[in-house]
Amino acid sequence: MNKPKMATEKGVPSNSRVLMLLGQLERMNGEAMGRDVETARQVTAKILHLIQTQEKSGKEVMSKGSTGMEVILASLEVGLTNTTGHDRTLTTSTFYLHKIRSLIEVSRGRRAGVFVSKGGTGVLFQILISASKELPPSEELMLQLHSLLAKVGPKDRKFGVKARLSGALNVTVNLLKQNLQNTKLLLPCLQVLRVYSTNSVNAISLGKNGVVELMFKIVAPYSKKNTSLLKVALDALGALLKSKTNARRAVDGGHVPILLALYLDWHRNDTRHRHMLIRKGLLVCLRNITNIKLGRKAFIDADGMRVLYNSSTECLPVRTLDPLINTSSLIMRKCFPKNRLPLPTIKSAFHYQLPHIPAAGPVAQLYSQPPGVDDVVDESDNEETDNDDIETDLNKLHPKKIPGRPFEELRVYERFFVELSEDFQASILFTVDNNSSTQPSRPIIVPTAQALSPKRDPISIPLGGCNPTKGTHTLPNWGSDCGSEGAEDEGAEGAVLEVPDTALLLPLHDPDLYVEMVKGTLSVPQYAEVAYPDYFGHVAPTFREPHLERVYGVQRSKIFQDIERLIHPNDIVDKVVYDLDIPSCPLIEDNGESLKFNSQFESGNLRKVVQVRKNEYDLVLNSDINSNHYHQWFYFEVSGMRVGTMYRFNIINCEKSNSQFNYGMQVLMYSVQEAISGRPRWVRTGTDICYYKNHFARSSIAAGGQKGKSYYTMTFTTSFSHKDDVCYFAYHYPYTYSTLKMHLSKLEALRTPQIYLRQDVLCETLGGNKCPLLTITAMPESNSNDHICQFRNRPLIFLSARVHPGETNASWVMKGTLEFLMGTSPLAASLRDAYIFKIVPMLNPDGVINGNHRCSLSGEDLNRQWQSPNPELHPTIYHTKSLLQYLAHIQRAPLVFCDYHGHSRKKNVFMYGCSVKETVWQSNISATSSDLQEDLGYRALPKILSQIAPAFSMASCSFVVERSKESTARVVVWREIGVQRSYTMESTLCGCDQGKYKGLQIGTRELEEMGAQFCVALLRLKRLTGLRNHQHLLDLESDIIGPQCKVIRLFSNSTPQINHYARPNLTLTTKV
Ligand SMILES: [Zn+2]
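An unreviewed UniProt entry lists the protein under the name Cytosolic carboxypeptidase 1, with Labrus bergylta given as the organism. On record in UniProt, under Cofactor (unreviewed entry), the comment for the protein is "Zn(2+)".

Structural data, given as structure tokens:
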């Protein structure tokens, strides 16, 4: 222990006096029993007086480095153990405590902190215990002790534990019990109790001692007297009620109705809102009690919903009462009786019979459950252990080029790589697969065909029999009335449908071709309708679409409207207007009072609609086929609307805990009337958008084993501007499988003699659809050996997209890539000359066609099957992986592998890659330096993208290998195929918060631009190095992303061609 200095270095007299006295006191403390109590008291009094009156003395004693406080505390302790003359000791202690308290009070808690750090709390508890042995205890001393404890308690993190171990809890409790009428002593005791109660063990022990009941004796109806006492008592009670046993005690004691009555009393009488903290304190007690099931029941039984709903509605106009409304809202949401979704089962409305069902697989589990069990909150005890997701097994982290299968098996894939052995001696250069034109024989209904029929019955079109001509068609009775009867008369007055001519704006779109493509698309529900947006096409709007600014209080008012359903049940219509589970759907009796819905077309998803109020609808999405969850994607049609009316739509079975709908994202709407008027486009729409947890219970079977989960509501409000319109709503810009086939067919037509384009069918999907594989590169310049050699030896780039059907943005990015690659620009020509592109543009056609969000028909996420894909259940993944394994075998593993995805929770476009080093850095694994030798080449492509693509953000990229991702394309291609630059590229569904598009929602133009810029970046990757040898490329790249000077040197050494592509403002000034 440092001795107090007898003088400061500057020798200031005022300091020397207090320090001298401290020294004297310290010596006297050492004498213990024999010391002169009176003198010690005088010295201490002088010290305390000096500290109080002289700022410098105060600082000297109360600073963290000083031992002054320790000396005073020691003196206090010694004084206590000196048993000669209790009265004197008490007086002395009381005197000291009073002085210390006034000392501490002046510093806003800093001095209390010093007091605690010097062991002051312990000394106080000691005094408390010894003083309590006096009968009766000195009221004055107890008052001083508790006042001081109340000050230092909040500064001492161990306060609760110290109080319990020293036995102080009971002293305070007994004091309380004996002094309920003694306001002067009650207040400091309650203040100390409030601190005790924040410790959960103390709370239980205090509860056993009857303190909960005690507090209920103190809380009282509205009165202007003793409000600070009431406030502290409520705080203490609130803390005590966090313990479930105490909450149960309060319920059993019948206190829930009492608390509600008290709240109402204060709400009514506190008209000038002077006592908001008391009202809040009452609500906090209710909030903590309703954490237990019994509490929620008692709350409902006491009509708590109505009490809090009405009082909150009255508080709404006063902004300062927001904390009361928010806490009330929280309690009401918690107590809102949990409903089941209005569905017979949460399993998908569609069923697809798998060729075989693996015994331990998800589908076997799904269909082995007894009926109805999936909607019950069960006792499943699966524990989620997702906390530590980073891969820490170094063996797994190191890429291993293991060709998993013998080459004999892989040899069959040779036929997909004709270009690698092509000698161009034969006259036929291309082997275009034309199988796609053979169509299965089944009836198809197209929207325009309805107009061709005089009776407008659904028309079964024999294959090839329907060839609707572009031009004017009469569209009868807009809407989803396929199969309806008795609509003939209205039809004559139907709108005239002019198919918008988008040929110039959309070179890859052709409505007639689209219909042809639909005929060959096989869906599980055997869709026979075509949605107008897919038929007409989408021209990206030229105006900006900023993020929607969230209006204050939107979520609260939506939640209150939901609660109103319970308060005013008679206002609720509760009418089912659309239901896929009814065989005759969408035929539901129509009295003109409801909107009409339809989702029975390719990529459509909407299962059920319940009209809840005149202009409000609850919408339920359909689970992915052979699954009971994964829904998020929606795409549906609405008709029968009134112009100018505001309609509220609630999607009530969302699963994710948060959504970009809370951060500026709007839904997409397509108006057929607008399209006919020459504006065929999806536009961001909707106001009052928000996303929140609702009162529909989620089965633990569909919630990964977690019990007690709820669904979430995504709500939006919109109006319609045209009479007799048909409008479509979607989660994101739709992009169907038939659209892909149409685009590929049009791209084929764009091919010039310089372009080598081959379309193969990689395989058939479970649903019988073809999975296209594209090969794009440049034709060799001539038949010369050199040129053919160059042609065959170009590095490969392997791209894929849309493994997740709900991520339609990935398809728009892919469209941008394909259009760029097939373009006539010099950049495109150079790119084709530099690489051979292998592209699987849609890894999950079945999921896309059937309106799934995440899975294929096997009910599984295909991007979790890459480690051991099953050829029967996951054919597209199995064969894509085989192509890569084949390439690895013949030493032609691609230079870059990239799988395009969409991201629902983040803004911007970014990449995930794989790096051993960055994974090790993120975890606590100890690795030797040899483990960490890694080429930095994986960072070059995202870095270039961040410089040339406005939507791309390097800051959002990650190169960590997660355990949960070990069976994704990215990780498997990196680890097993040995591709260092193996990525997923994630595009936002919402918009950007950086770069040129900051503050804007993303559109198809920006997504397509991203796909094109991806190509430019690949070219830059190539140009920067000027080398064709892969390994060299890697080495050089790590140089590039190293020191800046090297980058500049590379640029200055580059050929004139490079200067042509490297715009000056885009030079690589990489910081890694
Ligand atoms: Zn994805």
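### Observations regarding the pattern of salt bridges
Summed over all chains, the structure comprises 33 salt bridges. When the shortest N-O distance is used, the salt bridge between Glu807 and Arg854 registers 3.8 Å. A residue pair is termed long-range when its members are at least 10 positions apart, and Glu807 in the loop between β16 (796–801) and α32 (808–821) and Arg854 in the loop between α34 (845–849) and α35 (875–889) qualify at 47 residues. Owing to a relative accessible area of 8%, Glu807 belongs among the buried residues under this scheme.

### Regarding the packing of helix α14 (residues 227–240) against helix α17 (residues 276–289)
Close contact between α14 and α17 brings their axes to 9 Å; oriented N to C, the two are set at 20°. Comparing their axes, α17 and α14 come out roughly parallel. The element α14 and its partner α17 pack so that their crossing is left-handed. When α14 is examined against α17, the residues Thr227, Leu230, Lys231, Leu234, Leu237 and Gly238 are found in contact with a partner set consisting of Leu277, Ile278, Gly281, Leu282, Val284, Cys285 and Asn288. Its residues placed into classes, the contact of α14 with α17 shows 8 nonpolar, 4 polar and 1 charged.

### Observations concerning the nonpolar core
Core analysis: the largest hydrophobic core is formed by 135 residues, its most contacted members being Phe597 and Met985. Of the residues forming this core, the biggest block, 11 residues, is contributed by helix α39 (residues 1004–1025). Each of domain 2 (554–730) and domain 3 (737–922 + 938–1028) accounts for three or more of the residues forming this core. Leu22, Val43, Tyr263 and Ile325 belong to the second largest nonpolar core, which has 114 residues in total.

### Thoughts on helix α6 (residues 110–117)
Along α6, the positions that sit buried rather than exposed are Arg111, Ala112, Val114, Phe115 and Val116. At the C-terminal side of α6, Gly119 shows a positive phi close to 85°.

### Section: the coordination of the zinc ion
All of the protein donors around the zinc ion are His804 (ND1), Glu807 (OE), Glu807 (OE) and His901 (ND1); their distances to the metal are 2.1 to 2.3 Å. Angles of 58 to 152° at the metal separate the 4 donor atoms of the zinc ion, which places the site in the irregular class. All donors to the zinc ion come from one chain, and their sequence spacing reads H-x2-E-x93-H. No difference in accessibility class separates His804 from Glu807, as the two residues are buried.

### A look at the sheet that holds strand β14 (residues 755–764)
A sheet is described by the order of its strands in space; here 7 strands give the open sequence β14-β15-β17-β16-β18-β20-β19, paired in mixed fashion. The two strands at the open ends of the sheet, each matched to only one other strand, are β14 and β19 (909–912). If you compare each strand with its neighbour and ignore which way they point, the axes differ by 20° on average. Where strand β15 (residues 770–778) lies against strand β17 (residues 836–840), 3 bridges are found, and the strand directions are antiparallel. Across the sheet, Leu774 pairs through a bridge with Ile839, a residue of β17.

### Structural notes on the packing of aromatic side chains
The full count for this structure, using the stated rule, is 40 aromatic pairs. Ring centres of Tyr735 and Trp812 lie 5.3 Å apart, and the angle between their planes is 85°; this geometry places the pair in the edge-to-face category. Of this pair, Tyr735 sits in the loop between β13 (726–730) and α30 (737–750) while Trp812 sits in helix α32, placing them 77 residues apart in sequence. With a relative accessible area of 3%, Tyr735 lands in the buried category. Sitting over the face of the ring of Tyr912, Lys965 holds its NZ or CZ atom 5.4 Å from the ring centroid. Above the ring of Tyr835, the side-chain terminus of Lys1022 is found at 5.6 Å from the ring centroid.

### Overview of the sheet that holds strand β8 (residues 647–654)
Judged by pairing direction, the sheet is mixed, and its 6 strands sit side by side in the order β3-β5-β6-β8-β12-β11 without closing on themselves. The strands lining the two open edges of the sheet, one partner per strand, are β3 (575–579) and β11 (687–698). Put simply, the sheet's adjacent strands are angled 25° from each other on average, direction ignored. Alignment of β11 against strand β12 (residues 709–718), held across 7 bridges, turns out to be antiparallel. Each residue of the ladder has a partner; that of Thr687, found in β12, is Thr717. Against the sheet, helix α28 (residues 554–567) engages β5 (608–613), β6 (616–620), β8, β11 and β12, with an angle of about 45° to β11.

Rules behind the numbers
- Residues numbered from 1 in each chain as written.
- Predicted model: local features only at pLDDT ≥ 70, side-chain atom pairs only at ≥ 80, totals over all residues.
- Heavy atoms only, no water.
- UniProt positions renumbered as here; feature names shortened; annotations may be inferred.
- Salt bridge = Lys/Arg side-chain N within 4 Å of Asp/Glu carboxyl O.
- Helix = DSSP H or I, 4+ residues; strand = E, 2+ residues; numbered from the N terminus.
- Buried < 20%, exposed > 50% of the residue type's maximum accessible area, 1.4 Å probe, protein only.
- Axes fitted to C-alpha atoms, helices over the stretch in contact; angles between N-to-C directions.
- Parallel < 35°, antiparallel > 145°, perpendicular 65-115°, else oblique.
- Left-handed = near helix turned anticlockwise from the far one by under 90°.
- Contact = heavy atoms within 4.5 Å.
- Nonpolar A, V, L, I, M, F, W, Y, C, P; charged D, E, K, R; others polar.
- Core = buried A, V, L, I, M, F, W, Y, C linked by side-chain atoms within 4.5 Å.
- Domains from an automatic or database assignment.
- Donors = N, O, S within 2.8 Å, 3.2 Å for Na, K, Ca; no water.
- Tetrahedral: all angles 85-135°; square planar, octahedral: opposite > 155°, others 65-115°.
- Pairing = 2+ DSSP bridges.
- Phe/Tyr/Trp six-rings, centres within 6.5 Å; stacked < 30°, edge-to-face > 60°.
- Lys NZ or Arg CZ within 6 Å of the ring centre and 35° of its normal.

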